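Spelled out from the first residue to the last, the chains are:
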Amino acid sequence: MLSREALSEKFTLHPPASPAVLETERSEYGGPLPEEYVDLLRISNGLYTDGNLSILGAEGVAQRNVDYEVQAYLPGYFMIGDDGGGTAILLNLQDRGIYEVDMGVMDEQSMERNAGSLDELLRLGTCLAERNG
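In this text the structure is predicted, and so the values were computed from the model without any measurement.

### Some points on the environment of Met-106
Examined against the element boundaries, Met-106 turns out to sit in the loop between strand E6 (98-102) and strand E7 (112-115). Separated by 17 residues in the primary sequence, Met-106 and Arg-123 place their C-alpha atoms 25 Å from one another. The residues touching Met-106, leaving out its near neighbours within four places in the chain, are Tyr-68, Val-70, Tyr-73, Leu-74, Met-79 and Val-101.

Written as structure tokens, this is what we have:
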């Protein structure tokens, strides 16, 4: 995981998530949150770029996954962010890759691979629309 200092070069950061908030979200989710996502939350409780990439803070992340029915439509994925324009940023819980999909579609056939890992996404600091635009 990138350091707070390295992340601050591309992202606006927040204070770290508290252990209590992380435990509340784990309980709401009904199991462990993805480890690499929790590692990031311990550095900054969510973050965003001056562009369109936003990684969600801990508060409400479990509910957001419920609201968008991520497990119903994309079992094995966990929504960790969005691009501010209706595209979800998802972590694949098997291959640990980062994918993007329109929040109104939410199916695997419509997904595009953004990065090989959360760390790679953070190094890139952009969503696909910014890279392809």
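### Re the side chain of Ser-44
Of note, Ser-44 is situated in the loop between helix H3 (35-41) and strand E2 (47-48). Of the residues examined, Ser-44 reaches a relative accessible area of 0% and is grouped as buried. Side-chain polar atoms of Ser-44 contact the backbone nitrogen of His-14, separated by 2.8 Å. A distance of 2.6 Å separates a polar side-chain atom of Ser-44 from the backbone oxygen of Gly-46. Beyond its immediate stretch of four places on either side in the chain, Ser-44 contacts Arg-4, Leu-13, His-14, Pro-15 and Pro-16.

### Remarks on the nonpolar core
One finds Leu-7 and Ile-80 to be the most contacted residues of the largest nonpolar core, which totals 27 residues. At the level of elements, H3, strand E4 (77-82), strand E5 (87-92) and helix H6 (118-124) are the ones that each hand at least two residues to this core. Here this core gets 4 residues from one element, more than from any other, and that element is H3. Leu-7 has contacts with Leu-2, Leu-13, Leu-40, Ile-43, Leu-47 and Leu-122, leaving out every residue within four places of it along the chain. Formed by 11 residues, the second largest nonpolar core is a distinct cluster that contains Val-70, Met-79, Ala-88 and Met-103.

### Section: the packing of aromatic side chains
Given two aromatic rings, one states the distance between the centres and the angle between the planes to describe the pair. Counted according to the given criterion, the structure contains 3 aromatic pairs. Summarising the aromatic geometry, the rings of Tyr-37 and Phe-78 are spaced 5.8 Å apart at their centres and angled 55 degrees between planes, so their arrangement reads as tilted. With Tyr-37 in helix H3 and Phe-78 in strand E4, this pair connects stretches of sequence that are 41 residues apart. Overall, Phe-78 belongs to the buried group, its relative accessible area being 0%. The interplanar angle of 85 degrees and the centroid separation of 5.8 Å between the aromatic rings of Tyr-77 and Tyr-99 together place this pair among those described as edge-to-face. Taken together, the positions of Tyr-77 in strand E4 and Tyr-99 in strand E6 put the pair 22 residues apart, joining distant regions of the chain.

Procedures and definitions
Residues numbered from 1 in each chain as written. Predicted model: local features only at pLDDT ≥ 70, side-chain atom pairs only at ≥ 80, totals over all residues. Heavy atoms only, no water. Helix = DSSP H or I, 4+ residues; strand = E, 2+ residues; numbered from the N terminus. Contact = heavy atoms within 4.5 Å. Buried < 20%, exposed > 50% of the residue type's maximum accessible area, 1.4 Å probe, protein only. Polar contact = N/O pair within 3.5 Å; in protein donor to acceptor, adjacent residues only side chain to side chain. Core = buried A, V, L, I, M, F, W, Y, C linked by side-chain atoms within 4.5 Å. Phe/Tyr/Trp six-rings, centres within 6.5 Å; stacked < 30°, edge-to-face > 60°.

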